[in-house]
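# Structural features, examined
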Amino acid sequence: MAERVAVLGAAGYAGAVASALLHRHPRFELAHITARAEAGRRLDAVHPRTRVPLVLETYDPDRHAEVDAAIVAYPHGAAAPVVAELRERGVRVVDLSADFRLHDRAVYEDWYGDHGAPALIGDAVYGLPELHRAQIAGADLVANPGCYPTAAILALAPLARAGLLEDVVIDAKSGVSGAGREPTHDKHFVAVEGTVTPYKVGRHRHTPEIEQELGGGVRVTFTPHLVPLSYGELVSCYVMPAGEGDLTALYDEAYRGEPWVEVVEEPPGMKEVRETNYCRISVHRDDRTGRIIVFATIDNLWKGTSSQAVQNLNLMFSLNESEGLA
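Here goes a summary of the coordinates provided. Please read all numbers here as calculations on a predicted model, not as lab measurements.

What follows concerns the packing of aromatic side chains. Applying the stated criterion across every chain, the model contains five aromatic pairs. Where Phe28 meets Phe317, the ring centres are 5.8 Å apart and the plane angle is 80°; that geometry is what we call edge-to-face. Taken as a pair, Phe28 in strand β2 (residues 28–34) and Phe317 in the segment after α11 (302–316) lie far apart in primary sequence, 289 residues in all. As far as burial versus exposure is concerned, Phe28 and Phe317 are alike and both buried. When the ring of Tyr148 is compared with that of Phe222, the centres are 5.3 Å apart and the planes differ by 70°; the resulting orientation is edge-to-face.

Printed below as a string of structure tokens:
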């Protein structure tokens, strides 16, 4: 019998992709999809590419908690109380917001403000399967990583494990879909067309998430840029290493057997992973300066958000983690 799953916030870009993946998933049943302004409309009318014929409903905990699991695609701050409500009713949750990604409440509140369900912070597992597969498999609450942290952490984790991270600069570029369906004026396509723009310099909220997962007290300089594309993400990481190591062997060992990480020789481009759950990584050494340069590319709405959420759901329900994603 298929596990029943609800997607809350299905009218947004991330929720729509998650709904489409679950609708065609061989082992999950997409039982409910919710939205606010679009309630009463079919999802395939709001997002035709999803081919999901279900009607968007207004969220009702009495109705929508009658499922085995939920993907919550709400903004930061709004997600926490809903996640708490679902967990009280025994629903297993993958949360796409940042509300449960940070393990330290004080750090969360420094970057995001008051937390809506602090009692659950210790229950959440950070949902990056390549780092936390075993914990995700037994979890009832998974905090899906941000898109920038997904690419940056996968790019740098082998160096972090080897104790080679010292000075780290991350130059990140993403398509405008990462700003959501209702972006602010400076992230509207008219504002970004024909230009590349850095934003939130020195204070982007994904910074503590990246530092938490890399560990070892490492501090990173992280600067994101919007590029005039709808989808896609590329991070370029510049590391002055703390020691020497065989980079090829290090990355091959780290990701050998990983179904969704590809280590390649040439620097990857965004098109190579479009609408897939893949992350492609390329590592290089600059012999002149001694720096290590690591590139990683993902689709920001897939491996960066929604397909990774389905990968996590698969693990939570003891399925092959690639089920419904190939």
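This brings us to the pattern of salt bridges. Evaluated as defined, the whole model comprises 18 salt bridges. For Arg133, the salt bridge identified is with Glu321, shortest N-O distance 2.7 Å. With Arg133 in helix α6 (residues 129–137) and Glu321 in the segment after α11, this residue pair connects regions lying 188 residues apart in the sequence. Among the ionic contacts, a cluster of salt bridges with common partners joins Arg87, Arg92 and Asp140.

Quick look at the state of the cysteines now. The final tally for this structure, using the stated rule, is zero disulfides. Counting only cysteine sulfurs, Cys279 is the nearest neighbor of Cys237, a cysteine outside any disulfide, at a range of 9.9 Å. Taking the relative accessible area as the measure of exposure, Cys279 reaches 0% and is therefore buried.

Calculation notes
- Residues numbered from 1 in each chain as written.
- Predicted model: local features only at pLDDT ≥ 70, side-chain atom pairs only at ≥ 80, totals over all residues.
- Heavy atoms only, no water.
- Phe/Tyr/Trp six-rings, centres within 6.5 Å; stacked < 30°, edge-to-face > 60°.
- Helix = DSSP H or I, 4+ residues; strand = E, 2+ residues; numbered from the N terminus.
- Buried < 20%, exposed > 50% of the residue type's maximum accessible area, 1.4 Å probe, protein only.
- Salt bridge = Lys/Arg side-chain N within 4 Å of Asp/Glu carboxyl O.
- Disulfide = S-S within 2.5 Å.

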